[in-house]
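Observations on the three-dimensional arrangement
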Amino acid sequence: AAARRLQSWWRGVMSERQVRAWRQAVTSATRLQAWWRGVKSARQFRAWRQSVNSAKRLQAWWRGTAARNELHQAHQAALVIQRWQQRCHERQQLLSQLRLLLFRAHGAARDIQR
């Protein structure tokens, strides 16, 4: 009878140890799983942040390129306007010289007729 009680008690102790070991294993697995989720989450966040930074860099590059293109087009337009103004000025000078020549020629012709 004492041996049975001792054996029963020992089985209880062993059962408690097994339950404790199982709980510890489950807790450890849960902790490991939580740690791994954190690692994955951190990696995903770093990848996301890098993609956002890459997108920002691409956007900034594109805006800079567009701004440079607009500036270049504005510069080209200003050059065209400047050339046009120079040609207009040259034409005005030619017309004024032609008028002067015609006026002088007309005046000379009047003097000859007199």
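Residues numbered from 1 in each chain as written. Predicted model: local features only at pLDDT ≥ 70, side-chain atom pairs only at ≥ 80, totals over all residues. Heavy atoms only, no water.

**So, the overall build of the protein chain**
Put simply, the test is: Numbering of helices and strands starts at the N terminus; helices are DSSP runs of H or I of at least 4 residues and strands are runs of E of at least 2. Our radius of gyration looks at C-alpha atoms and nothing else; its globule reference is 2.2 Å times the residue count to the power 0.38. Burial status follows relative accessibility: with a 1.4 Å probe on protein chains alone, a residue under 20% of its type maximum counts as buried, one over 50% as exposed, and anything between as partly exposed. Per-residue and other accessible areas were derived by the Shrake-Rupley procedure at a 1.4 Å probe size, with only the shown protein chains allowed to occlude residues. His is not counted, nor are the chain ends, whereas Lys and Arg count as positive and Asp and Glu as negative. Working definition for charges: the position is that of NZ of Lys, CZ of Arg, CG of Asp or CD of Glu.
Looking only at helices and strands, the protein chain has 1 helix and 0 strands in total. A globule of 114 residues ought to have a C-alpha radius of gyration of about 13 Å, yet the protein chain, at 48 Å, is considerably larger. When its C-alpha atoms are laid out on the principal axes, the protein chain stretches across 165 × 10 × 5 Å. The buried share among the 114 residues of the protein chain stands at 3%. Surface accessibility of the protein chain: about 11,200 Å² in total, with carbon and sulfur atoms responsible for 58%. Put simply, the protein chain has 23 plus and 4 minus side-chain charges, and the middle of one group is 27 Å from the middle of the other.

**Structural notes on a nonpolar patch on the surface**
Applied cut-off: Candidate patch residues must exceed 30% relative accessible area and have no salt bridge, after which like charges are joined if within 9 Å and Val, Leu, Ile, Met, Phe, Trp or Tyr side chains if within 5 Å. Any Lys or Arg side-chain nitrogen located within 4 Å of an Asp or Glu carboxyl oxygen qualifies as a salt bridge.
The grouping of Leu6, Trp9, Trp10 and Met14 at the surface amounts to a nonpolar patch, some 460 Å² of accessible area in total. Along the chain, Trp9 falls in helix H1 (residues 2–113).

**So, the packing of aromatic side chains**
Put simply, the test is: The pairing test for Phe, Tyr and Trp rings, Trp by its six-membered ring, is centres within 6.5 Å, and the orientation test on the planes gives stacked under 30 degrees, edge-to-face over 60, and tilted for anything in between.
The full count for this structure, using the stated rule, is 4 aromatic pairs. With centroids separated by 6.1 Å and ring planes inclined at 45°, the aromatic side chains of Trp9 and Trp10 adopt a geometry described as tilted. The class of Trp9 is exposed, set by a relative accessible area of 52%. Taking the centre distance of 5.7 Å and the plane angle of 35° together, the rings of Phe45 and Trp48 count as tilted.

So, to be careful, I would describe these as geometric facts and stop short of saying anything about function.
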